[in-house]
Each structure stands twice: as structure tokens, then as C-alpha cells.
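Listed here are the chains, written in short residue letters.
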Amino acid sequence: MSAAGGTIAPDRILHDMADLWVSLGKQGEGDAGVLRACSMTLVVAAEESDDEQAIGETLAALMPEHPSRAIVIRFRAEDQRSLAARVFAQCWMPFGHRQQICCEQIEITASDASLPDLAPVVLPLTVPDLPVILWCRSPRLFQLSAFSQLTAIAQKVVLDSAAFGDPAAALGDMVGAAAAGRGLADLSWTRLTRWRELIAQIFENRAQLANLPLVSDILIAHRAAATPTTAYYLAAWLTDGLAKIGAHPRVQFRSDGGEPAWRLSRVELRASDRPDAIASISLAAGTCAEIRAGGLVSMALLPALNDYALMREELAIPGRDPAFEHALAVAAKLALS
Amino acid sequence: MPALHAEELAPLAGEPLLQLRTGHALSVGHICRIVKGDAGARSGFIGGVASERVILFYMSLENPFQDPLRFERRVPECAMVIFGANGDLTKRKLLPALYRLAYERRLDAGHAVLGISRTPMTDDQFRGKMLASVKEFLEDSPFDADIWTAFAQGLFYMAGDIDNPAIFPALDARLKEIEAARHTGGNVLFYLSTQPSQYIPIAQGLGAANVGKGAGWRRIVIEKPFGHDLASAQELSTELHTAFEESEVYRIDHYLGKETVQNILAFRFGNGIFEPLWNRRYVNHVQITAAESIGVEGRGAYYQEAGALRDMIQNHLSQVLATIAMEPSASFRPTSVRDERSKLLRSIRVMKPDEVLRNTVSGQYGPAHIGGADVPGFRQETGVKPDAQTDTYAAVTFFVDNWRWAGVPFYLRSGKRLPKRVTEIAIQFNAAPLAIFNGDETTTAPNLLILRIQPEEGISLKFLSKRPGAGMKLRPVSMDFNYGSSFGERSPSAYETLLLDVIIGDATLYTRQDMVEASWAVVDAIQHVWDNTTFDFPNYASGTWGPKASDDMLARRGHVWRQP
């Protein structure tokens, strides 16, 4: 469905969705029927140039675990106001049964100039009583002042600071949004979960934990030319944790080069009077990481996570994430210092 | 000067200052920051011995890198000793589960597994053997050679005969070596993957050599059967307690580690809408089925002595029943949950001798021709006596004597050589009190809640819905939730869940002594009558749903077995 005259009416979209369910029901054979599933409204804000197929595939992969009403808004940099919408369904057949499970998807195309008109359209399209998550895939959109009207609808706004040109500026912008009360998530932080969990796991061992107060230096090696936000986040999280036990180490960032730029390559925690690191994690070739601590070497898989894996983790936390919010504040200070 | 151990320091935790005198020792795990005294000493001094009079600020050191919102549960370091390391359970279940935990980054980097069995083997030969087992029995999971290489560094082996008392001091010495090399913190988990007859000798040996105690924690895991009747179960517990406290004994029931069984608790106590219906006013009856399509598969000699009642109903199905019917626990702490489960098991009515044959059915499969192949009857299986009275099928009607469940029958059945392998719980609710819609019997079909434990773990709710179109015609529809597909991720195996639990020290899903004894008390009453009855076996053909008497047992109360 495409609205005539470059405008769209929420009632019309809701009506089209109702028609869609009727037609899906008719397609169902015999008693099989169609089951509608929904646990949230997921609003995706993307540039028109963004890979439409990739977004569609990511949403389709997310649906079985996080069934949602997905509203995909594709923006084009245009001064003239124009909006269009269509509705369709993402369906899958679970566990070999005949019955389909389907989720609704609404696709809206909008010009930048229409941004102020969008919030009143999106608000009535959100599913009542369920959380609204906004996944903003474009730094440009996040920085448009009118975009804040859309973010105000969402309980949580998911960004990827790796897509921002200037990491320090990105962290600054996000701190500003957080100060305005927005619940935020950053996929660059999500990429760190496995690194952080490995570090935490090392110090579950009491013998290794005993060394933790001795940490005097932290080295974080990355691949980008400029220190990426992931490195700042990790430094923030580590120094914050160490401060709780009275250690205040120096932090050194190092660029090792390579791709992808946002990826970390090594983390080391050192004591000033010891030749060997207290603990280190190095990304070896491929997806395996080597973990060294207390003379023991172990391996763990640290694959580069795609959008699906990252969003899957974020959608599992519909509320605020205090650990991230704290790390964001500390990381922004580190980046600006 | 005696050492201060963690438990002695704990009560002092609220006091910032502690005076230590020369020679005073601190346990590892406590951090002391010197604020006055030995100025040259390090901040971050942990353990060891104070060299001179110092005043210390101390605190119990906690890992500051935790994120419970995103991280999995915290897993402490430990060494796991597997008795019977060359056996089937180790190869098929334990090592694949441990490898999978390592793959998922759930184990401490210094984890260690020390296998013990009679077969002479080097560490490397043991590693090679376990590698083959992991590759063969790893289910729904990729194998990674690098992860295995790191994991295998923590695998060790010692050959030895449990009947030889020298093995236990040798084990102690080997554990000390491993602890030094792998930083296992003195924590040791003993896993008895042996014949049940060896449980007591192993526990006694560990106790005599003082291996059952140490600087860290000690835990012991035993597999069912936990005795073969109430008296032997009590004897087993008594002997285990000579070396281990009850809180250190983990009786594993892998059914409780299955996702759906755990989900029963989430379903009942995480949702407000079901609990009001979970009682005699709304529940008509409950059926618990554990069916196997296979026979005794070479275990005829063992099974002949056990039977379905002892092998399945006394443990697995009783535990499932307890989980279904228990009262809400005050918290999700192990003691709290296990107290409620135990209370429920003690509430199951113990049958009087004259009630047993009316409320139970014993069965044994006979030969059949299935799918073009001849299938032997139980008495034709290897190692089985030709006149064996063993029950390969058992069905019982239990009543739970408490206010919630008074009068509600709980039907439990388990058998071998039934039409398919399936374990499920069916909770049938009362039908609507008045049938106001015209139609056939489907318009009065009761609501049914099905909790599938295997093979496809999930939950289904059946209810009636109006058929589209003119007129008021109803049809039953099903709302399905499936673990495998709904969450789009692999469910951990029961052994992964339970191994992790015991390493963490979470006994929620393990069986406690009083629970074992309560279920034996119920089963003993039945077994005693069965032992004194001569049954006309075989009484069901392989590939059928059991003896007709089982259907009759339900029919007496107007019920029928649900066909899974």
C-alpha cells in the first residue's frame, strides 16, 4: 500500500494490517491457521541507501526470538515533504508444524523534511502495553534535531557508535542524549560483551583475583587508526571495576591496524614489577582468542558479531542497562581527556 | 599462631581495622590493605603470614567485573574427579557436556578433570579417548579443535582399583599437583559414574584418606539408583555422611535438568494467571507419561532387578510430580525450593496393601513383529530369566493429601517398548460446567495443558475456539511454545545444566535425602505387594501403549490415557 499525495494516515495502515491478517488466515490450510506473535514494537530508522535486503534479513532472523511489530523507516535527504508506507508480514513455520507464526512489518519511506511529521504517525502504530525499541542505523539521523521526537517514543534507542566518524564526538552526543533521559544502547558496547565476560571469568578464580589489586597498567590494542569507542568503553569498564578495589591503573591504547577497524586485538592487565601480564586476551587468527592468566593458556571463540547477533542481545534487555550507562559516562571523559 | 580462615574473618567484615600479630595467617581470598605498620608491605596483600605487627584494613575481595544483566552465572574454579572415567556415562554425557561448557566459555580457565578407572592409561591416552567420545556424542554443537586443545590440557587420568585403599592417598597427592598447576583453589567435585555398589566404598575411602575435606569446597555427585528401597537408601545416605555433609551430596536426576522441567517453575511461579487455576477446583486430573520405544538394550540383567517402578517412578517421575504439584516456594533459593518439593513428596498418600492392585498396574512386554522386524519379549532378552516377574511397565494412581490437591488423581506411567519415545505431563482441567453450544463431543473438550519434556521440549495449551463462519461451531485449537524454535538458540543439555549447578553450588535441581526417602516410602508400599504377587506376564505386546489393565485403572474414574 502506498499512500497517495505523499502522506500517510495511521488508521489506514492499521486497516491494511487488519486486511493482511485476514488474507493470511485465508491462506492457512484447513485448521492450521496463523498465529500472530508480538513482544515489542521495533522501529528501525535507516538511510534510503542502507542495504534494504540486509535489514530485512536481520529482522527476519530476529523475529522467532523477539517477535515484534517492525516499523522500518527509510529516510532520504530531500527537502520536499513526502511519506509512503506499505505493510507486509514476516512468517515462519515453527517446528515442522503446519501452523505459521507471523509478525507484522510496516515500511515507511520518508524525506528528511517529513521527519517532524513522523512521530504522530509512528506513535499510534506502536503496539499497546509493549516496549518500543528504536534502532537508529544512521549517525546522520541521530544528529538531526527533529529526530528526538522519534526517540521520545522509545524506551530504548539502539545506536552503533562505530558508524560515527569521530568516536569522541559520538560518545559526547550519546552522553547528551542520556542526560536528556533517553534509554540508550550502543552496539559497540554490545560487541564487548564476550571480551568483558572473558575478563570477568579470569578473575572468578580466586588465585587470579588475588592479583587484581596489583594491576598498574592496562593496554588495549585495536585495529583502527584512531581509538574506537569499543576501546574507550573497555577502558572505562576496567578502570571503574579496578577502582572499586582500590587500584588506579594507567591506560594505554595502541593501534595495531587491520580490519574491521572497530575490532579490538589485545587486552593486557599488568603489574609494574612483573615481567608477564597478570592477564591477557589476544585475538589470534580467525575467531579464536587466546587467554593467558597465571601461567595457564585457554582458548575461546570470539567471532565478529553481525547485526543480528548484536540486536538479539540488545532486544533481550528492553529496559535500561546501568553498566552501560556508567561506562558511557566514563568513556566519554576518557575520550575527551 | 592459628590461621584465620574465611569463616572466622567473615563476622569481622563490618570492622575496618583488624590487628594482626606476627605469625598470624590470612586465608587466600581476603585482601588486606596495610594502613599502618609495615610500610614496606604491599597494598593488595592476600593470604600468607604477617611478618610483623601491622594494622590492616581488610575486605573480602569480590570480582568487580560482573554484569549479571549480560553475563552468564559465575563459575568458580575446581577439579572434578570422575570415578568410572572409562564408562559409558563419562563418554556419552559427562565429557561432551564439559567440553560444551568450555566451548561456551562457562568453565574457569584452570578447570581440571581427573578420570579414574581400572584401565591403565596415560593422561594423553585418556585425552585421546575423550576426544573421540566428544566428537561422537556432541549433540547440536560444533567442534572446535583449538578449544579442545586448551580444554584437554585440563584432563588428567589415574588408573586404580577402588577396592585398593592405596588409591585414595594417591588421589589426594594427584589432586594437590593438579591444584598447584591449575589453580583450582582446593575445590573438588567427586563424580561417581560407577556401579551403585561402589558408592559406599568410594565414600568410605575418600573419608578414610581425608580427601573428602580440604581447603576449598568438596562436593560429591551420585547417579540413581539411590538405593533399591527405603532401608538401602537410608544406609547409603548414612555412609555418604561419614565423609560428606548432606549439603555436599548432590543426587543427580537428569530429568530435573531438562529445560521444560525447569520451565514448570517459571510457568507456575513467574506468571500470575496460572497459579489460581492450579488446584483441585480447576484441575481434573494429571497424567505423567515417560515412554520408551526401545527395550532393555543389553541391560537386561540390571533391569531385571530394578523394573520400571524403581527405575523411573521412584525418582524421575516422582520428582516431576513434585515440581508440578509443589507449593510456591518463598524464594528461588535451593533450600526453599527443595523444602517445598520434599513436602509434596511426603504428602503423596502411601497405599495400603489392599489399595495397591486397584491403583497400580504392573506390565511386561512380550514379543512382537514391528516394522518388518521381530522384536523379542522381555523374557527373551539376554540375561533375563525366562520366568522374570520384572515390571517393564508401571502405572500408578497417586493422590496428594493436601488442601490443594485432595481428590485429584495423578496418573503416572512409564514403560519400555511403547509406541514411541516421549515424556510429557498433561494437566486436564475441568470442563465448562454447562455445555451451551450444540455440537459433538469436541464442543465440550476440556482444556489441556501439555508440558513436553522430550523429545521436543515445549508447552501447549489446548482450548476451544469458534470456527469462522455462520453458526456457533467450536473446534479445539492449540497454542504451542517450543523451546527449540521459540528462542532460536540451542538449549543446554540436562548434564550441562546440572554440572554447572553443582560447580556453582546450586542444589535446586538436585535431590535431597529426605526427598529420596519420601518417594521410596511411597514406592516401597507398592513394590512390597508386587513382590508378593505373581503376574501373568507378558501382558502387553511391544509397540502398544501397555496393558489393558492400565486403561481400566483410569476408566474406573471416567478418565482415559491421553495418546501422546
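It should be noted that the structure appears before, not after, this text.
Residues numbered from 1 in each chain as written. Chains lettered and ligands numbered in written order. Predicted model: local features only at pLDDT ≥ 70, side-chain atom pairs only at ≥ 80, totals over all residues. Heavy atoms only, no water.

### What about the overall build of chain B?
For chain B, the count of helices and strands is 15 helices and 23 strands. Here chain B holds 564 residues, and 55% of them are scored as buried. As displayed, chain B has an accessible area near 24000 Å², and 54% of this comes from carbon and sulfur atoms. (Helix = DSSP H or I, 4+ residues; strand = E, 2+ residues; numbered from the N terminus. Buried < 20%, exposed > 50% of the residue type's maximum accessible area, 1.4 Å probe, protein only. Areas by Shrake-Rupley, 256 points an atom, 1.4 Å probe, with all protein chains shown as cover.)

### Quick look at the sheet that holds strand β9 (residues 217-222) of chain A
Residues and elements named next belong to chain A. Sheet architecture is open: 6 strands sit in the order β10-β9-β11-β12-β13-β14, paired in mixed fashion. The open sheet is flanked by β10 (250-255) and β14 (296-301), the only strands paired with a single partner. The mean angle between the axes of side-by-side strands here comes to 15°, regardless of whether they run parallel or antiparallel. Where strand β12 (residues 279-283) lies against strand β13 (residues 288-293), 5 bridges are found, and the strand directions are antiparallel. Its bridge partner being in β13, S280 is matched across the sheet by R292. (Pairing = 2+ DSSP bridges. Axes fitted to C-alpha atoms, helices over the stretch in contact; angles between N-to-C directions.)

### Observations concerning a nonpolar patch on the surface
Residues and elements named next belong to chain B. A contiguous nonpolar surface patch, about 410 Å² in accessible area, is contributed by L434, I436, F437 and M472. In this structure, L434 sits in the loop between β19 (422-429) and β20 (448-454). For L434, a relative accessible area of 64% corresponds to the exposed category. (Patch = residues over 30% accessible without salt bridge, like charges linked within 9 Å, V, L, I, M, F, W, Y side chains within 5 Å. Salt bridge = Lys/Arg side-chain N within 4 Å of Asp/Glu carboxyl O.)

### Structural notes on the interface of chain B and chain A
Facing the 47 residues of chain B at the interface are 53 residues of chain A. Both sides of the chain B and chain A interface together cover about 4400 Å² of buried area, and 54% of this is carbon and sulfur. On the chain B side of the interface with chain A, the three residues burying the most area are B:F65, B:R70 and B:R105, jointly 21% of the side's total. On the surface where chain B and chain A come into contact, there are 6 salt bridges. For A:E314, the salt bridge is made with B:R70, and the minimal N-O distance between the two is 2.8 Å. The interface formed by chain B and chain A contains 14 residue pairs in polar contact (both at pLDDT 80 or more). Taken together, the elements giving at least two residues each to the side of chain B that touches chain A come down to β3 (25-36), α4 (145-152), α5 (167-182), β22 (474-482) and α12 (483-486) of chain B. When residues in the side of chain B that touches chain A are grouped by element, the largest group, 4 residues, is from β22(B). (Contact = heavy atoms within 4.5 Å. Buried area = accessible area lost by both parts, 1.4 Å probe. Polar contact = N/O pair within 3.5 Å; in protein donor to acceptor, adjacent residues only side chain to side chain.)

### Focus: the side chain of B:K416
All names here are of chain B. Tracing the backbone shows K416 in the loop between β18 (409-415) and β19. Only 3.2 Å separates the side chain of K416 from the side chain of E292, close enough to count as a polar contact. Those residues within four positions of K416 in sequence are excluded, and the remaining contacts are E292, I294, G295, V296, Y303, Y365, T392 and Y540.

### Points about unusual backbone geometry
Residue and element names in this part refer to chain B. Between K224 and P225 the backbone carries a cis peptide bond, its omega angle lying at 5°. Topologically, P225 is positioned in the loop between β10 (218-223) and α7 (230-240). Cis peptide bonds are those with omega within 30 degrees of zero, and the linkage from F537 to P538 qualifies with -5°. The backbone of N210 sits at a positive phi, close to 60°, despite the residue not being glycine. Mapped onto the elements, N210 comes out in the loop between α6 (199-208) and β10.

### Section: the nonpolar core
The tendency in soluble globular proteins is for nonpolar side chains to be buried as a group. By size, the foremost hydrophobic cluster in this structure holds 150 residues, and its most contacted members are B:F83, B:L171, B:F190, B:F398 and B:F410. The leading source of residues in this core is helix α9 (residues 300-325) of chain B, at 11 residues. Discounting residues that sit within four places of it in the chain, B:F410 has contacts with B:V286, B:L321, B:I324, B:A325, B:V396, B:T397, B:F398, B:V400 and B:W405. Judged by nonpolar contacts, the second largest core, of 86 residues, contains A:A85, A:I153, A:L209 and A:I281. (Core = buried A, V, L, I, M, F, W, Y, C linked by side-chain atoms within 4.5 Å.)

### Description of the packing of helix α10 (residues 334-347) of chain B against helix α14 (residues 513-531) of chain B
All names here are of chain B. At a closest axis distance of 8 Å, the pairing of α10 and α14 adopts a crossing angle of 15°. Regarding the angle of α10 to α14, the classification is roughly parallel. When you trace α10 past α14, the crossing you get is left-handed. Residues R338, R341, S342, L345 and R346 of α10 pack against D514, M515, A518, S519 and V522 of α14. Split into classes, the residues belonging to the contact of α10 with α14 amount to 4 nonpolar, 2 polar and 4 charged. (Parallel < 35°, antiparallel > 145°, perpendicular 65-115°, else oblique. Left-handed = near helix turned anticlockwise from the far one by under 90°. Nonpolar A, V, L, I, M, F, W, Y, C, P; charged D, E, K, R; others polar.)

### Quick word on the sheet that holds strand β8 (residues 155-159) of chain B
Residues and elements named next belong to chain B. Pairing in this open sheet of 6 strands is parallel, and the strands run β8-β7-β6-β9-β10-β11 from one edge to the other. With partners counted over all chains shown, the strands left at the sheet margins are β8 and β11 (249-252), one partner each. With direction set aside, neighbouring strand axes in the sheet form an average angle of 20°. The pairing of strand β7 (residues 112-117) with β8 spans 5 bridges and is classified as parallel. The residue of β8 that forms the bridge with G115 is Y157. Against the sheet, helix α3 (residues 123-137) makes contact with β7 and β8, and its axis sits at roughly 115° relative to β8, the strand it touches most.

### Some thoughts on the pairing of β9(A)
All names here are of chain A. Burial runs high along β9: 5 of the 6 residues are buried. Examined bridge by bridge, β9 and β10 share 6 bridges and lie parallel to one another. Among the inter-strand pairings, D217 is bridged to a residue of β10, identified as R250. Chirality of the crossover, the property in question, places the unit of β9, helix α10 (residues 229-244) and β10 among those that are right-handed. The sheet contact formed by β9 and strand β11 (residues 264-270) spans 6 bridges and is antiparallel. Its bridge partner lying in β11, D217 is registered against R270. (Right-handed = clockwise from strand over helix to strand, strands pointing away.)

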